[in-house]
Amino acid sequence: MNDPAGFYTMKGYSLQENTQMTNAMEDYLEMIARLSAVCRQVRVNDLARMLHVKASSVSKMVQQLAQGGYLHAEKYGEILLTDKGSQIGKYLLYRHDVLQRFLCRINHSDNELEQVEKIEHFLDKRTIKNLELLLQQL
């Protein structure tokens, strides 16, 4: 029963990873990176609109991300990614793009956003890189 290669619940696998960033934190950071790439300023209301959540929820998450060193934000002000947040944000956008292209390819569709959003948190960097390599061969 104590086999480290054995089966676990989702929570068990999450506890083993011991990551500082939750799925929700990744979603917010990914959207901040996405908006930062096309807009000069990212604000709480922008995130609330894009993620379909309340501004108060965004404010709480922005505080958490700022405490983790991923961004700088002042109350009622612009949200800016730190170097750490920018680096992770770029990877999150890359991961999303690879999965979107892969799922669209195998499903013969133009948009697999819902599926990508549901599964992107559960694949590691090695798998994402290998999916990209597979896409290059297809």
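The residue count restarts for each chain, going from 1 along the sequence in the order it is written. Local features in this predicted model are restricted to residues of pLDDT 70 or higher, and side-chain atom pairs are both shown and tallied only at a pLDDT of 80 or more, whereas totals for entire chains, interfaces and linings draw on every residue. To get the side-chain values, take all heavy atoms of the structure and skip hydrogens and water.

**Q** It is not clear to me how the environment of Met10 should be interpreted in this structure. Could you clarify?
**A** Within the secondary structure layout, Met10 lies in helix H1 (residues 10–17). Burial classes: relative accessible area under 20% of the type maximum marks a residue as buried, over 50% as exposed, and values in between as partly exposed (1.4 Å probe, protein chains only). Residue Met10 is classed as partly exposed on the basis of its relative accessible area of 48%. On a C-alpha basis, the gap between Met10 and Phe122 in space is 9.7 Å, while along the polypeptide they are 112 residues apart. In this description a helix means any DSSP run of H or I spanning at least four residues, a strand means any run of E spanning at least two, and both kinds are numbered starting from the N terminus.

**Q** Can you help me understand helix H2 (residues 23–38) in this one?
**A** Every α-helix winds through 3.6 residues per turn, so residues three or four apart in the chain are directed the same way. Given a helix with a known number of residues, its expected span is that number minus one, times 1.5 Å. The end-to-end C-alpha distance of H2 is 23 Å, a good match for the 22 Å that 16 residues give at a rise of 1.5 Å each. For H2, the full list of buried residues reads Met25, Glu26, Tyr28, Leu29, Glu30, Met31, Ile32, Ala33 and Leu35. By definition, residues are in contact when any of their heavy atoms lie within 4.5 Å. Each element contacted by the buried residues of H2 is listed here: helix H3 (44–51), helix H4 (55–67), strand S1 (71–73), strand S2 (79–81), helix H5 (83–107) and helix H6 (113–119).

**Q** Please explain unusual backbone geometry as it appears in this structure.
**A** The residue His52 is not glycine, and still its phi comes out positive at about 60°. Note that His52 resides in the loop between H3 and H4. Classification of His52 as exposed rests on a relative accessible area of 72%. In this structure, His108 is a non-glycine residue whose phi angle is positive, near 50°. Of note, His108 is situated in the loop between H5 and H6. A relative accessible area of 72% means that His108 is categorised as exposed.

**Q** What is the right way to look at the nonpolar core in this model?
**A** Note that soluble globular proteins tend to have their nonpolar side chains buried in a common cluster. Residues enter a nonpolar core if they are buried and are Ala, Val, Leu, Ile, Met, Phe, Trp, Tyr or Cys, with the set joined through side-chain atoms within 4.5 Å. By size, the foremost hydrophobic cluster in this structure holds 27 residues, and its most contacted members are Leu47, Leu65 and Ile79. Within the residue set of this core, elements represented by two or more residues are H2, H3, H4, H5 and helix H7 (125–137). Not counting residues up to four positions away in its chain, the partners in contact with Leu65 are Met21, Met25, Tyr28, Leu29, Ile32, Tyr70 and Leu71.

Function cannot be inferred from these measures alone, as they are strictly geometric.
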